[in-house]
Amino acid sequence: MDNLRLSERDRLPDALRVLLGDYPRAGWETDPGFDGLIRFWLDRHIMFRRLMSELRGGTEALLDQKTDAQPYVAMTSRYGGIFVNGLHEHHTIEDSYYFPKLVTKDARIEKGFTILDRDHHDLDGLLSGFVDRANEVIRVADNREKLQTAAGRFRDELAHLEQLLDRHLIDEEELIVPVILRYGSAGLG
């Protein structure tokens with residue numbers, strides 16, 4: 001199961017993607033079961049991706065000297081806080097509410113929820129590094145040389161987190177959306 005760790009896999013195994021064959025991503029939005037719960041949940045994922053993109057773009061702008069320190073630090077603090085708090089809240093709700101309900105819908109994909117739950121714990125560790133690097137950027141904002149160095153470390157942390165978060169979000173979407181499309185969202189929201 002170690003090859004199914006977030007840092008090791010390039011997607012979930014086909015045995016866990018069994019419903020995706022019946023409900024391919026390209027047809028989700030036109031499926032009659034594509035309801036408000038799915039839209040809301042996918043919108044949260046889009047928000048996390050956009051926040052990461054904004055943080056990456058802002059960091060690159062600072063490193064390329066296309067923005068000043070204060071707007072960059074303000075953006076990092078604001079978007080970083082929204083990202084970390086939002087992701088923690090999102091994962092807590094999934095782990096404590098949605099996953100226990102969804103896992104009962106189809107025994108063939110039960111192991112997928114175990115993998116996604118473990119991803120959440122792995123991402124918590126990565127978020128800790130993200131917070132450390134963001135706080136470093138904020139602490140040294142008044143020293144351009146130190147800020148450049150800290151922003152470089154933050155950029156590297158962002159790249160690693162963004163890659164693994166995207167892997168997790170794709171896997172989660174490809175497991176959960178087909179389950180809801182097949183079995184409905186009654187009792188979930």
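Considering the overall build of the protein chain
Counting secondary structure elements, the protein chain contains five helices and zero strands. For the protein chain, the N- to C-terminal ordering of α and β elements is α-α-α-α-α. The principal-axis extents of the C-alpha atoms in the protein chain amount to approximately 55 × 35 × 25 Å. Put simply, the protein chain has 189 residues, and 48% of those count as buried. For the protein chain, the separation between the mean place of its 25 positive charges and that of its 34 negative charges on side chains is 1 Å.

Focus on empty space enclosed by the protein
Applying the stated criterion to the full structure yields one cavity of 30 Å³ or more. Put simply, the largest cavity is a space of about 50 Å³. For the lining of the largest cavity, the secondary-structure elements that each account for two or more residues are α2 (36-63), α3 (69-102) and α5 (144-183). Per-element accounting of the lining of the largest cavity gives the leading share, three residues, to α3. For the lining of the largest cavity, the per-class residue count stands at six nonpolar, no polar and one charged.

Structural notes on the packing of aromatic side chains
Applying the stated criterion across every chain yields a total of five aromatic pairs. Arranged with centres 5.0 Å apart and planes meeting at 85°, the rings of Y97 and Y98 form a pair that is edge-to-face. Note on Y97: relative accessible area 33%, which makes it partly exposed. Judged by its relative accessible area of 17%, Y98 falls in the buried class.

What counts and how
Residues numbered from 1 in each chain as written. Predicted model: local features only at pLDDT ≥ 70, side-chain atom pairs only at ≥ 80, totals over all residues. Heavy atoms only, no water. Helix = DSSP H or I, 4+ residues; strand = E, 2+ residues; numbered from the N terminus. Buried < 20%, exposed > 50% of the residue type's maximum accessible area, 1.4 Å probe, protein only. Lys, Arg positive; Asp, Glu negative; His and termini not counted. Charge placed at Lys NZ, Arg CZ, Asp CG, Glu CD. 1 Å grid on protein atoms, 1.4 Å probe; cavity = no way out; pocket = protein on both sides within 12 Å on 5 of 7 lines; lining within 4 Å. Points joined across faces, edges and corners; volume = space filled by probe spheres on them. Nonpolar A, V, L, I, M, F, W, Y, C, P; charged D, E, K, R; others polar. Phe/Tyr/Trp six-rings, centres within 6.5 Å; stacked < 30°, edge-to-face > 60°.

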